[in-house]
There are 2 protein chains.
Amino acid sequence: MARRIVFWFDFASTYSYLSAMRIEEAAQRHGLTVVWEPFLLGPIFAAQGWTSSPFNLYPSKGRYMWRDMERLCEMRGLPFVRPDPFPQNGLAAARLALVSRELDRIAPFARAVYSAEFGRGKDISNPAVLAECWETAGLPLHAMEQARAEETKKALFAQGERAIQAGLFGAPSFVVSEELFWGDDRLDQAIALATTL
Amino acid sequence: MARRIVFWFDFASTYSYLSAMRIEEAAQRHGLTVVWEPFLLGPIFAAQGWTSSPFNLYPSKGRYMWRDMERLCEMRGLPFVRPDPFPQNGLAAARLALVSRELDRIAPFARAVYSAEFGRGKDISNPAVLAECWETAGLPLHAMEQARAEETKKALFAQGERAIQAGLFGAPSFVVSEELFWGDDRLDQAIALATTL
C-alpha cells in the first residue's frame, strides 16, 4: 500500500485553498498518495457556539487573516480575491466533491472550485460556477445529478461524523497514521512524517 | 537605527515559549534588534467573551495544541512539561519583565520564566520561582521590588492598550514596520521582511 496523507478540507476555508493548490505536487514529490476528504466545518463550529466563521466573529483575527492570506498568496504566486459573502456556502460543492471522488477526479475538481472562489472571487453556491469547475476537471456534466441523490447527502453527513471522530476542529487538517496536523503551516511536517512510515 | 522586530508575548502562551527560545538567535543572525513587549492576553480574550484560554474552552483544539507543542519541542530539542494549572497566572512575571527591560535583561529573564514554566512545569505565579528566574537572568534581587510599584502596574496596563491598538488578538505576535504576524509559524516571515527594510 502506498504511503498516504489524508487531507480534510472545507471549501469555505481560506487556508484550505493554500493547501489544495500544492498538496498533490508536494505529495507526489515524496511518493505519497493524497486522500481528499471534503467536509463542512459549519456544524463543528455551531456545536461550539459559533454562528459564523471565527474570522467574522472576531474582527481583529479576521482582519489579520485576510492580510496573512494576501501575503502568502503573493509569496506563492497564487491569485487571491476575497469572495463576497464570506464564508461562502460550500454545501453543493462538497457534495459534488464526493461524486468527483467516485469518478477519480476530486483533486482537479477541488482545485477548480478553490480557484474560482479565492482566485477569482466567484460564488461557489452558484450552479453555473460549479458546472464550469466540473467541466474544468474533465467530468461529464450528466454526472452532476448524483450530487443531489440522498446517498450523496448522507455520505457528506457521514464525513462530518468522521471528522469529529478524528478530532478535527478546523481546516485544512491532515492525518498521517494517527497523527493530526492542523493548518497549511503543518503540511510539510505531515508529509515528512508520512515519508518515514 | 538598527532594523528591528517587535515581539509581543504573554507568559501564559505555549507558542510564545517556542518563539522566546529562538528569536534572539534568529534575529542576531540577520543583524536585527528584538524589542520584547510583554502583555496580558487575558483582557483581550475577556473582551471577546472568553473566560479562559481558548485551548480550555474548545477541548478538541486544546488536545491538538498539547500534541502539536510536544512534537515541535521534540523537533527543536526543547524540554516540554505541561504546567498545572493551565493557563498559568502570568501577571507578576509580566510586571517583572517590564522591570527587567529597564535593566536591559528582558531576554534572559523571559527565557528563564518560559523555561521554568514549560520546560519544567513550574508555577510562575510563585514568588520563589520568579526569584530564581530573576537570578538566572543575572538581575539583582532588590530590583524585584519595582514590579509592585504603581508605575509598573500602569506600564503593564498601557502595554495591553498598545497591543489592542496594534491589532493583536493572540501571542506570540510580531510587528515589523506596519505588518503584523501572528504565531511562532510566522517568525521566519517576519524576520525576512525586517531584513528587507
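Just so it is clear, the structure is predicted and the values come from calculations on it, not from any experiment. Here the residue numbering is sequential within each chain, running from 1 through the sequence in written order. In the order they appear in the text, chains get letters beginning with A and ligands get numbers beginning with 1. At least 70 in pLDDT is required for a residue's local features to be given in this predicted model, at least 80 for side-chain atom pairs to be given and counted, and no such filter applies to totals for whole chains, interfaces and linings, which use all residues. Hydrogens are left out, water is left out, and the side-chain values use all remaining heavy atoms of the structure.

Undergrad: I keep staring at the environment of arginine 71 of chain A and nothing clicks. Help me out?
TA: What counts as a helix is a DSSP run of H or I of at least four residues, what counts as a strand is a run of E of at least two, and both are numbered from the N terminus. Turning to its location among the elements, arginine 71 of chain A is positioned in helix 5 (residues 59–76). Separated by 97 residues in sequence, arginine 71 of chain A and leucine 168 of chain A place their C-alpha atoms 26 Å apart.

Undergrad: What should I look at first to understand the interface of chain A and chain B in this one?
TA: When the parts come together, some accessible area is lost, and that loss is often what is quoted as the size of the interface. The contact criterion used is simple: two residues touch if any of their non-hydrogen atoms lie within 4.5 Å. Taken together, the contact pairs 22 residues of chain A with 22 residues of chain B. When two parts are brought into contact, each loses some accessible area as probed by a 1.4 Å sphere; the total of that loss over both is the buried area. Note on chain A versus chain B: buried area summed over both sides is about 2100 Å², and carbon and sulfur give 49% of it. Considering only the surface of chain A that becomes buried against chain B, Tyr58, Tyr64 and Arg186 of chain A emerge as the three largest contributors, covering 27% of it. Salt bridge, as used here: a side-chain nitrogen of Lys or Arg that lies within 4 Å of a carboxyl oxygen of Asp or Glu. Applying the counting rule to chain A against chain B returns eight salt bridges. Between aspartate 68 of chain A and arginine 186 of chain B there is a salt bridge, with the nearest N and O atoms lying 2.9 Å from each other. Within 3.5 Å is the distance limit for a polar contact, defined as a pair of N or O atoms, with the added protein rule that one can donate a hydrogen and the other accept it, and that residues adjacent in sequence qualify only through two side-chain atoms. Our enumeration of links across chain A and chain B arrives at 14 residue pairs in polar contact (both at pLDDT 80 or more). Listed by contribution, the elements that provide at least two residues to the side of chain A that touches chain B are helix 5 and strand 4 (179–182) of chain A. Ranked by the residues each element gives to the side of chain A that touches chain B, the list is headed by helix 5 of chain A, at eight residues. Note on residue classes: Ala, Val, Leu, Ile, Met, Phe, Trp, Tyr, Cys and Pro are nonpolar, Asp, Glu, Lys and Arg are charged, and everything else, Gly too, is polar. When its residues are assigned to classes, the side of chain A that touches chain B shows 11 nonpolar, four polar and seven charged.

Undergrad: Looking at this model, I keep getting lost on the environment of valine 113 of chain A. Mind explaining?
TA: All names here are of chain A. By the element assignment, valine 113 lies in helix 7 (residues 106–120). For each residue, the accessible area found with a 1.4 Å probe, counting protein chains only, is set against the maximum for its type, and the residue is called buried under 20%, exposed over 50%, and partly exposed in between. Valine 113 sits in the buried class, given a relative accessible area of 0%. For valine 113 and phenylalanine 11, which are 102 residues apart along the polypeptide, the C-alpha to C-alpha distance reads 7.7 Å. Residues contacting valine 113, with those up to four places away along its chain left out, are Phe11, Ala93, Ile124, Leu130 and Cys133.

Undergrad: What should I look at first to understand the relation of the copies chain A and chain B in this one?
TA: Each of the two copies of the chain can be brought onto the other by a rotation about an axis and a shift along it. To line up the copies, we fit them by least squares on C-alpha atoms, keeping just the residues with pLDDT of at least 70 in both. Taken as rigid bodies, chain A and chain B are interconverted by a rotation of 180° and an axial shift of 0.0 Å, the fit giving an RMSD of 0.0 Å. Accordingly, the operation relating the two chain copies is best matched by a two-fold axis. Among all residues of chain A, the one whose C-alpha sits closest to the rotation axis is aspartate 185 of chain A, at a distance of 3.5 Å. In this assembly, 100% of the residues forming the interface of chain A have copies in chain B that are likewise at the interface, indicating an isologous arrangement.

Undergrad: Whenever I open this one, the pattern of salt bridges confuses me. Can you help?
TA: Side-chain pairs of opposite charge can arise whenever the charged atoms involved come near each other. According to the stated counting rule, one finds 28 salt bridges over all chains in the structure shown. Across the salt bridge formed by arginine 120 of chain A and glutamate 132 of chain A, the nearest N and O atoms sit 3.6 Å from each other. Pair noted here: arginine 120 of chain A is in helix 7 and glutamate 132 of chain A is in helix 8 (residues 127–136), with a separation of 12 residues, a long-range link. On the basis of relative accessibility, which here comes to 44%, the residue arginine 120 of chain A falls in the partly exposed class. The partner of arginine 101 of chain B in a salt bridge is glutamate 37 of chain B, and the shortest N-O contact between them spans 2.8 Å. Here the residue arginine 101 of chain B occupies a position in helix 6 (residues 91–102), and glutamate 37 of chain B occupies one in strand 2 (residues 33–38), the gap between them amounting to 64 residues. Relative accessible area serves as the criterion here: at 5%, glutamate 37 of chain B is assigned to the buried category. Linked by salt bridges that have partners in common, Arg67, Asp68, Glu70, Arg71 and Asp185 of chain A together with Glu179 and Arg186 of chain B make up one network.

Undergrad: What should I look at first to understand the sheet that holds strand 2 (residues 33–38) of chain A in this one?
TA: Each strand in a sheet pairs with another by means of backbone hydrogen bonds, the pair being arranged parallel or else antiparallel. All names here are of chain A. Strand pairing follows a simple DSSP-based rule, namely that at least 2 bridges must link the two strands. A sheet is described by the order of its strands in space; here four strands give the open sequence 2-1-3-4, paired in mixed fashion. Two strands bound the open sheet, and with one partner strand each, they are strand 2 and strand 4. Recorded for the sheet is a direction-independent mean angle of 25° between the axes of neighbouring strands. Where strand 3 (residues 173–176) lies against strand 4, four bridges are found, and the strand directions are antiparallel. The residue of strand 4 that forms the bridge with serine 173 is tryptophan 182. To define axes, lines are fitted to C-alpha atoms, for helices over the stretch in contact only, and angles between the resulting N-to-C directions are given on a 0 to 180 degree scale. Against the sheet, helix 10 (residues 187–195) touches strand 1 (4–9), strand 3 and strand 4, its axis set at about 10° to strand 3.

Undergrad: Where do I start with the state of the cysteines in this structure?
TA: One covalent bond between the sulfur atoms of two cysteine residues makes up a disulfide. When two cysteine sulfur atoms are found within 2.5 Å, that pair is recorded as a disulfide. A full pass over the atoms with the stated rule returns zero disulfides over all chains. For cysteine 133 of chain A, which is in no disulfide, the shortest distance to another cysteine sulfur is to cysteine 73 of chain A and amounts to 17 Å.

Undergrad: Sorry if this is basic, but what is going on with the nonpolar core here?
TA: A general trend in soluble globular proteins is that nonpolar side chains are found buried together. What we call a nonpolar core is a set of buried Ala, Val, Leu, Ile, Met, Phe, Trp, Tyr and Cys residues that are connected through their side-chain atoms within 4.5 Å. Residues Phe11, Trp36 and Phe109 of chain A together with Phe11, Trp36 and Phe109 of chain B are the most contacted members of the largest nonpolar core, which totals 140 residues. Among all residues touching phenylalanine 109 of chain B, those that are not within four sequence positions of it are Ala93, Leu96, Ala97, Ser100, Leu130, Cys133, Trp134, Ala137 and Leu139 of chain B.

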